[in-house]
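What follows is each chain in one-letter form.
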Amino acid sequence: MEMKAVVFCTGLMLLFAWLSPSQALYFHIGETEKKCFIEEIPDETMVIGRYRTQLWDKQAGTFLPATPGLGMHVEIKDPDTKIILSRQYGSDGRFTFTSHTPGEHQICLHSNSTKMALFAGGKLRVHLDIQVGEHTNNYPEIAAKDKLTELQLRARQLLDQVEQIQKEQNYQRYREERFRMTSESTNQRVLWWSIAQTIILIITGIWQMRHLKSFFEAKKLV
């Protein structure tokens, strides 16, 4: 009974972690530095990213809100390294894209610091918040627009969560299929390499036997 309770609690923790609404973080970048992040996203899934920047103030010794003239360039590539978004934003911004290919998407950010003398040689702190799937929906706005009751809104949220879970399951099956194909390809290559090695060894052995026979016949030992 105790073991079942532990497994149940672990399952709940994993479920809550999986359904976490966003992934928020902050990082520091230099004048010409670019930061890239990898996000595994199912196909046909909306992603919303929000960021805000803070500029290091040497006199105050702390990070202060960045000036409006400081901007960020956002570039996003799909698993096939095809650019699906490349745009210049302000010091605070929001970017949105929808995945069409399941897999690892690369999200890169860098500043336009070369155009701004104030940031030259300085340090920038970027706060980034990425929301994926149904977590991109603004449910209070949806409820007000569609005039939904609390029960209807909750049902809508559950339906969106189920849809997102189905997309995640499809993506996991896609990854499993690719892994299986890679494993089968590797096993086939190993098999053919083993066959090639065996053939080379047989040919080498036959050549050595013929060479030794010729040597002994030339020395009249046979």
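Along each chain, numbering runs from 1 in the same order as the chain's sequence is written. For a predicted model such as this one, the threshold for reporting local features is a pLDDT of at least 70, and the threshold for listing and counting side-chain atom pairs is 80 or more; totals across whole chains, interfaces and linings nevertheless cover every residue. By convention in this description, side-chain values take in all heavy atoms of the structure and omit both hydrogens and water.

An unreviewed UniProt entry lists the protein under the name GOLD domain-containing protein, with Onychostoma macrolepis as the source organism.

J.: Which parts of the structure should I look at to understand the overall build of the protein?
T.: Counting from the N terminus, the helices are the DSSP runs of H or I reaching at least four residues and the strands are the DSSP runs of E reaching at least two. Broken down by element type, the protein carries three helices and nine strands. Along the protein, from the amino end to the carboxyl end, the secondary structure elements read α-β-β-β-β-β-β-β-β-β-α-α. Per-residue burial over the protein gives 28% buried out of 222 residues. Here, two residues are considered to be in contact whenever any of their heavy atoms come within 4.5 Å of each other. Partitioning the contacts of the protein with sequence separation of at least 6, the portion at a separation of at least 24 is 73%. Computed by Shrake-Rupley with a 1.4 Å probe, the accessible areas treat only the displayed protein chains as cover when residues are assessed. Total accessible area on the protein stands at roughly 15,700 Å², and carbon and sulfur atoms take up 59% of it. Relative accessibility decides the category of a residue: with a 1.4 Å probe and only protein chains considered, values under 20% of the type maximum give buried, values over 50% give exposed, and everything between is partly exposed.

J.: Can you help me understand the UniProt feature "transmembrane region" (unreviewed entry) in the protein in this one?
T.: UniProt positions are given in the numbering used here, feature names are shortened, and annotations may be inferred rather than shown by experiment. According to UniProt, the positions carrying the feature "transmembrane region" (unreviewed entry) are residues 190–209. The span residues 190–209 shows a helical share of 100% and a strand share of 0%, and its end C-alpha atoms are spaced 28 Å apart.

J.: Please clarify how unusual backbone geometry should be interpreted in this entry.
T.: Negative phi characterises most residues that are not glycine, and trans characterises most peptide bonds. Phi at Glu44 is positive, roughly 55°, even though this residue is not glycine. With respect to the helices and strands, Glu44 occurs in the loop between strand S2 (34–41) and strand S3 (46–57). Of note, Thr81 is a non-glycine position whose phi angle comes to about 60°, a positive value. Considering the arrangement of structural elements, one finds Thr81 in the loop between strand S5 (72–77) and strand S6 (83–89). By relative accessible area, which is 60% here, Thr81 ends up exposed.

J.: For this particular structure, what's the right way to read a nonpolar patch on the surface?
T.: Patch membership is restricted to residues that have no salt bridge and whose relative accessible area is over 30%. Joining uses 9 Å for like charges and 5 Å for the nonpolar side chains Val, Leu, Ile, Met, Phe, Trp and Tyr. What makes a salt bridge here is a side-chain nitrogen of Lys or Arg within 4 Å of a carboxyl oxygen of Asp or Glu, nothing more. On the surface, Leu191, Trp192, Ile195, Ile199 and Ile203 cluster together into a nonpolar patch covering about 510 Å² of accessible area. For Leu191, the location among the structural elements is in helix H3 (residues 150–218).

J.: Would you take a moment to explain H3 for this structure?
T.: For an α-helix the count is 3.6 residues per turn, leaving residues at separations of three or four pointing the same way. When the terminal C-alpha atoms of H3 are compared, their 101 Å separation across 69 residues agrees well with the 102 Å that a helix rising 1.5 Å per residue should span. Residues Leu153, Gln157, Asp160, Gln164, Lys167, Glu168 and Tyr171 constitute the buried set of H3. By this rule the span expected of a helix is its residue count minus one, scaled by 1.5 Å.

J.: Hey, could you run me through the sheet that holds S5 in this one?
T.: Two strands in a sheet stick together by hydrogen bonds in their backbones, pointing the same way (parallel) or opposite ways (antiparallel). The four strands are arranged S2-S8-S5-S6 in an open sheet whose pairing can be described as antiparallel. Since the sheet does not close on itself, it has two edges, and those belong to S2 and S6, each with one partner. Between one strand axis and the next, the sheet turns by 15° as a mean value, whatever way the strands run. Pairing between strands is defined by DSSP: at least two bridges between the two strands are required. Bridge count between S5 and S6: six bridges; the pairing is antiparallel. Counted as the bridge partner of Lys77 is Ile83 from S6. Lines fitted to C-alpha atoms define the axes, with helix axes restricted to the stretch in contact, and inter-axis angles between N-to-C directions lie between 0 and 180 degrees.

J.: Explanation requested: the packing of helix H2 (residues 139–146) against H3 in the structure shown.
T.: Each packed pair of helices is defined by two parameters, the angle between the axes and the distance between the axes. Where H2 contacts H3, the axes come no closer than 10 Å and their chain directions differ by 125°. Between H2 and H3, the interaxial angle falls into the category oblique. Of the two possible hands of crossing, H2 and H3 adopt the one that is right-handed. Contact residues: Tyr139, Ile142, Ala143 and Asp146 in H2; Leu153, Arg156, Gln157 and Asp160 in H3. Note that the term roughly parallel is reserved for angles under 35 degrees, roughly antiparallel for angles over 145, roughly perpendicular for angles of 65 to 115, and oblique for everything else. With the far helix as reference, a near helix turned anticlockwise by less than a right angle produces a left-handed crossing, and one turned clockwise produces a right-handed crossing.

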